[in-house]
Amino acid sequence: MPPATSSMQQVCILGSTGSVGTSTLDVIARHPDRYRVFALTAHQRVDELLAQCLQWRPAYAVMSDAAAAGRLRERLRAEDCTTEVLAGPSGLVEIAAHPEVDCVMAAIVGAAGLAPCLAAARAGKRLLLANKEALVVGGALFMQAVQQGGAQLLPIDSEHSAIFQCLPLDRASWPAHIARIVLTASGGPFRQRDPATLRDVTPAQACAHPNWVMGRKISVDSATMMNKALEVIEARWLFQLAPEQIEVVVHPQSIIHSMVVCRDTSVLAQLGTPDMRVPIACGLSWPERIESGAAPLDFLKLSALTFEAPDATRFPGLQLAWETLKAAPGSTAVLNAANEEAVAAFLAGTIRFDQIHTVNAGTLEDFVPPAGATGSLDGLLELDAAARRRAQNWVKRLRA
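No experiment lies behind these values; they were computed from the predicted model shown. (Residues numbered from 1 in each chain as written. Predicted model: local features only at pLDDT ≥ 70, side-chain atom pairs only at ≥ 80, totals over all residues. Heavy atoms only, no water.)

(A) Representation of the packing of helix H10 (residues 216-224) against helix H11 (residues 226-238). At a minimum axis separation of 5 Å, H10 and H11 run at an interaxial angle of 90°. The orientation of H10 with respect to H11, classified from their angle, is roughly perpendicular. Judged by residue contacts, Lys217, Asp221, Ser222 and Thr224 of H10 engage Met226, Asn227 and Leu230 from H11. Looking at the contact of H10 with H11 residue by residue, the classes come out as two nonpolar, three polar and two charged. (Axes fitted to C-alpha atoms, helices over the stretch in contact; angles between N-to-C directions. Helix = DSSP H or I, 4+ residues; strand = E, 2+ residues; numbered from the N terminus. Parallel < 35°, antiparallel > 145°, perpendicular 65-115°, else oblique. Contact = heavy atoms within 4.5 Å. Nonpolar A, V, L, I, M, F, W, Y, C, P; charged D, E, K, R; others polar.)

(B) Representation of the sheet that holds strand E8 (residues 178-185) within the structure. Here we have four strands laid out as an open sheet, ordered E9-E8-E10-E11, and mixed in their pairing. The strands lining the two open edges of the sheet, one partner per strand, are strand E9 (246-250) and strand E11 (267-271). Shown here is a sheet whose adjacent strand axes are inclined to one another by a mean of 20°, direction ignored. The pairing of E8 with E9 spans five bridges and is parallel. What sits directly across from Thr184, in E9, is Val249. (Pairing = 2+ DSSP bridges.)

(C) Representation of a nonpolar patch on the surface. Taken together, the side chains of Leu271, Phe299, Leu305 and Phe307 define a hydrophobic patch exposed on the protein surface, amounting to about 370 Å² of accessible area. If you trace the backbone, Phe307 turns up in the loop between helix H12 (277-285) and helix H13 (320-325). (Patch = residues over 30% accessible without salt bridge, like charges linked within 9 Å, V, L, I, M, F, W, Y side chains within 5 Å. Areas by Shrake-Rupley, 256 points an atom, 1.4 Å probe, with all protein chains shown as cover. Salt bridge = Lys/Arg side-chain N within 4 Å of Asp/Glu carboxyl O.)

(D) Region of the structure containing the sheet that holds strand E2 (residues 35-42). Here we have seven strands laid out as an open sheet, ordered E4-E3-E2-E1-E5-E6-E7, and parallel in their pairing. In the strand order of this sheet, the two ends are held by strand E4 (84-87) and strand E7 (152-155), each with one partner. Across this sheet, the average inter-strand angle for adjacent strands is 20°, counted without regard to direction. Here strand E6 (residues 126-129) runs beside E7; their pairing, made up of four bridges, is parallel. Bridging from a neighbouring strand, Leu129 pairs with Pro155 of E7.

As structure tokens, this is what we get:
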């Protein structure tokens, strides 16, 4: 890495060994004069984070698993690498709010990313949000932290980045501009599969996405369309919309990433190849544009662009987004916790693919968030833990 200069952005990547994290490093590598990797984090992937540290020589590395952090520290010392290793959730929070960090890529999967995202927001960072759960769980508390800290919040999910790119720079004008938004969904690997056969789906089949390369958890979410349910919830907070202003359509080609329907009925859309480096490059450089490394879109080679309504029988979990947005505050956090537990159980072979929805819907029916639970990080974490226990009970019941 070249020496840092005062004009370079210092970047912290939360979740650097995942697909979004590695794509972010790929984009940064194309612009060594603009960005320096200041900190990298992972959960337990010591080998991968070690290799990244040796290549990028960040000032800090954080492993949320303390034992893994100890192993990384020893191996870096053996390689004569001066990267300082921090451990645990407190290490993630510390590095996300570090005064030398300009930009935080929030790419930790799940509710575990909420605390460092809040820390980055309160510290006024440029926050590139790939962790949709920060808004699904944090909701109003997270948006309040963004406003009070003066953070610049830029969405990285391809759908939300597409909406963002179609809107005026003046955020205050968004409500007058938007009639509704349309989030596109690929439909995943089971878009045309007989719903009666979904009980036989294996983890390998569920993780084989036709268009995108993603981690196992988000791949399963795509197969159930729970990822789209979470994106509906995220969009409600990002763009300050009523639930009924958010629509989902299945677009199998994944070329149109989402659309804004304006009040005059004009439709604005963002198109591109299905490559996460495009929204990442947009977030890093906004409002400028930089090379992403993605292949350009060749209109002459495109097949037809098609759209269809989501099949409620095949994707029953999608409707839970609107139901939880209209339910008691904290219901979206309960849905997220239940889904994380259900997907983990499916990937472990404990429950069937079609039972993921059973766990999610059952947990929501069983558990009403207590009043005031969403007013603080501690309250949200307690709510998350309680919802997970209810979901685990459902898993045990189904397993029996």
